[in-house]
Amino acid sequence: SAPGKSMSSAPTGALSLTSLQCTVPPWGLVFAAGVVNLTIVLDGTPLSTVHPLAFVFVEDIYAFIPTAVRASGGEIAVFGTGFDAAIPGLYQCRLSCLETGASVTVGAEVLDAGVLRVALPPWPFASCSLTPAVSRTDATPTLWKSFATRLVV
């Protein structure tokens, strides 16, 4: 678990004398992504290990809604997991025009660990098919999925 945060998985199963299979709880829907300590419990007693066990939960994106917005501006909700609300201004959304390469980058507000809100300014270019992509503003390397959407004039 992370400091002050914990979540339990379902019962695990032994694959062999040296391997367990664990069901990963939905950490990223409740808490920010990051490194968490893994504790194995047998009959209510934590098992000790030679080295600390760690698991890394990463941020992910699975949808941008709506898929069409007006050129006069609007709002997009970005659905995913592991978003961190503790640092204001941590996320940004870049909207890139597939036809011309023109782009605009705007901030994304964390509503909770699973939703970002992106307020879109008026689109200053011709109507086109956009690819939105979200990234962090800090030095954390991230891989994000992008989705094609259509900006409507």
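What comes next is a walk through the structure. (Residues numbered from 1 in each chain as written. Predicted model: local features only at pLDDT ≥ 70, side-chain atom pairs only at ≥ 80, totals over all residues. Heavy atoms only, no water.)

### Some points on the nonpolar core
Ile 76, Val 78, Tyr 91, Leu 116, Val 118, Trp 123 and Val 134 are the most contacted members of the largest nonpolar core, which has 24 residues in total. Residue assignment for this core shows that the elements contributing at least two residues are strand S7 (60–65), strand S9 (74–81), strand S10 (91–97), strand S11 (103–112), strand S12 (115–120) and strand S13 (129–136). (Core = buried A, V, L, I, M, F, W, Y, C linked by side-chain atoms within 4.5 Å. Buried < 20%, exposed > 50% of the residue type's maximum accessible area, 1.4 Å probe, protein only. Helix = DSSP H or I, 4+ residues; strand = E, 2+ residues; numbered from the N terminus.)

### Digging into the side chain of Glu 59
Structurally, Glu 59 can be placed in the loop between strand S6 (54–57) and S7. Among the polar contacts made by the side chain of Glu 59, one reaches the side chain of Arg 136 at a distance of 2.8 Å. (Polar contact = N/O pair within 3.5 Å; in protein donor to acceptor, adjacent residues only side chain to side chain.)

### Quick word on the environment of Phe 125
Among the secondary structure elements, Phe 125 is positioned in the loop between S12 and S13. Under the relative-accessibility criterion, Phe 125 is labelled partly exposed at 39%. Between the C-alpha atom of Phe 125 and that of Ala 71, which follows or precedes it by 54 residues, the distance is 8.5 Å.

### Section: the pattern of salt bridges
For the structure on display, the rule yields three salt bridges. The salt bridge involving Glu 59 is made with Arg 136; its shortest N-O contact spans 2.8 Å. With a gap of 77 residues between them, Glu 59 in the loop between S6 and S7 and Arg 136 in strand S13 connect regions that are remote in the sequence. Just as Glu 59 is buried, Arg 136 falls in that class too. For the salt bridge of Arg 117 with Glu 109, the shortest nitrogen-to-oxygen distance reads 2.5 Å. Overall, the relative accessible area of 30% leaves Arg 117 in the partly exposed class. (Salt bridge = Lys/Arg side-chain N within 4 Å of Asp/Glu carboxyl O.)

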